[in-house]
Amino acid sequence: KLASAAGEPVADDFEPFEDPDAKAKVELFVREVECQARAAIVVTLEPTWHLFHEQLGPPDALGKPAGIELGGAGLTWGAPVWPEPKKLDQPVGADDKPTWIWAHEGTLVIYARGALGADAEVGRANVSIISETCDPKRCIELDARVRAQGPGPDALFAHFPAVASL
């Protein structure tokens, strides 16, 4: 654990933030399993709203693909493992013709696996998500930065993918 010379925890530079207008709630749960960190990022979208997937879709699709960055002292994270996206129609693309996008609706869980360093503190893990949330009429920037809220329920980690790598 990170500590000062006096033995007190050292503060990090992470500043949590969630925009209430983004129509999405982000939660992060992290636990140690078999000498590794396992993260479950839960994103809950309001009805009629969607979040872009990490890959947007065809070249003419419009939107901001989701970017996720996991952090925390002593933690080295592998690539996030997303659930299967939905193919949603997009009425107008970059060429002013109908197209489609990859997106998520409702509640989705993104998983990641992390290596534990000597000074790892899974309870201080954090995640940042940058994207857009959209309903049929408009899109809003999503900028969410949240800290781990504990180990989370066992049921959430029961579906942790074997393919989540470091």
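For the structure, see preceding data.
All figures in this text were calculated on a predicted structure; none of them were measured in a lab.

S.K.: What should I look at first to understand the overall build of the protein in this one?
M.R.: Each helix and strand in the protein was counted, giving one helix and eleven strands. In the protein, the succession of helices and strands from N to C terminus is β-β-β-β-β-β-β-β-β-β-β-α. Seen through its C-alpha atoms, the protein measures out along the principal axes to roughly 60 × 30 × 25 Å. A buried classification covers 44% of the 166 residues belonging to the protein. Within the protein, residue pairs in contact and separated by at least 24 positions form 71% of the contacts whose partners lie at least 6 positions apart. Of the accessible surface of the protein, which amounts to about 8900 Å², a share of 53% is contributed by carbon and sulfur atoms. Positive and negative charge centroids in the protein, built from 15 and 26 side chains respectively, lie 3 Å apart.

S.K.: Just checking my understanding: could you explain the packing of aromatic side chains for this structure?
M.R.: Centre-to-centre distance and the angle between the planes together describe a pair of aromatic rings. In total, this model carries three aromatic pairs according to the counting rule given. Arranged with centres 4.9 Å apart and planes meeting at 75 degrees, the rings of Trp 100 and Trp 102 form a pair that is edge-to-face. With a centroid separation of 6.4 Å and an interplanar angle of 15 degrees, the aromatic rings of Phe 157 and Phe 160 are classed as stacked. By relative accessible area, which is 11% here, Phe 160 ends up buried. The positively charged end of Lys 87 is found above the aromatic ring belonging to Trp 100, 4.5 Å away from the centroid.

S.K.: Is there a simple way to explain the side chain of Ser 131 in this structure?
M.R.: Inspection of the secondary structure assignment puts Ser 131 in strand E10 (residues 126–134). Its relative accessible area of 0% is what places Ser 131 among the buried residues. There is a polar contact of 2.8 Å between the side chain of Ser 131 and the backbone oxygen of Lys 64. Not counting chain neighbours up to four residues away, the residues in contact with Ser 131 comprise Leu 51, Phe 52, Lys 64, Pro 65, Ala 66, Ile 140, Glu 141 and Leu 142.

S.K.: Looking at this structure, I do not really get the environment of Gly 106. What am I missing?
M.R.: Mapping Gly 106 onto the fold places it in the loop between strand E8 (99–105) and strand E9 (107–116). Exposure remark for Gly 106: the relative accessible area of 33% places this residue in the partly exposed category. When the C-alpha positions of Gly 106 and Ile 68 are compared, they lie 18 Å apart, and in sequence the two are 38 residues distant. Other than its neighbours up to four places away in sequence, Gly 106 contacts Val 43, Thr 44 and Leu 45.

S.K.: Would you mind going over the nonpolar core with me for this structure?
M.R.: Most often, soluble globular proteins keep nonpolar side chains buried together rather than apart. Residues Leu 28, Val 30, Ile 41, Val 43, Trp 77 and Val 127 are the most contacted members of the largest nonpolar core, which totals 29 residues. For this core, the secondary-structure elements that each account for two or more residues are strand E2 (24–33), strand E3 (36–45), strand E5 (67–71), strand E6 (75–77), E9, E10 and strand E11 (139–147). No other element matches the five residues that E3 contributes to this core. Here Val 30 is in contact with Ala 37, Arg 38, Ala 39, Trp 77, Val 122, Ala 125, Ala 148, Gly 150, Pro 151 and Phe 157, once residues within four sequence places are set aside.

S.K.: Can you walk me through the sheet that holds E3 in this structure?
M.R.: Paired through their backbone hydrogen bonds, the strands of a sheet run either parallel or antiparallel. With antiparallel pairing, four strands are arranged side by side in an open sheet as E2-E3-E9-E6. With one partner strand each, in any of the chains shown, E2 and E6 form the two edges of the open sheet. Here the strands of the sheet are splayed against their neighbours by 30 degrees on average, with no regard to which way each runs. Where E6 meets E9, three bridges bridge the pair, whose relative direction is antiparallel. Bridge assignment links Thr 76 to a residue of E9, and that residue is Ala 115.

Conventions adopted
- Residues numbered from 1 in each chain as written.
- Predicted model: local features only at pLDDT ≥ 70, side-chain atom pairs only at ≥ 80, totals over all residues.
- Heavy atoms only, no water.
- Helix = DSSP H or I, 4+ residues; strand = E, 2+ residues; numbered from the N terminus.
- Buried < 20%, exposed > 50% of the residue type's maximum accessible area, 1.4 Å probe, protein only.
- Contact = heavy atoms within 4.5 Å.
- Areas by Shrake-Rupley, 256 points an atom, 1.4 Å probe, with all protein chains shown as cover.
- Lys, Arg positive; Asp, Glu negative; His and termini not counted.
- Charge placed at Lys NZ, Arg CZ, Asp CG, Glu CD.
- Phe/Tyr/Trp six-rings, centres within 6.5 Å; stacked < 30°, edge-to-face > 60°.
- Lys NZ or Arg CZ within 6 Å of the ring centre and 35° of its normal.
- Polar contact = N/O pair within 3.5 Å; in protein donor to acceptor, adjacent residues only side chain to side chain.
- Core = buried A, V, L, I, M, F, W, Y, C linked by side-chain atoms within 4.5 Å.
- Pairing = 2+ DSSP bridges.
- Axes fitted to C-alpha atoms, helices over the stretch in contact; angles between N-to-C directions.

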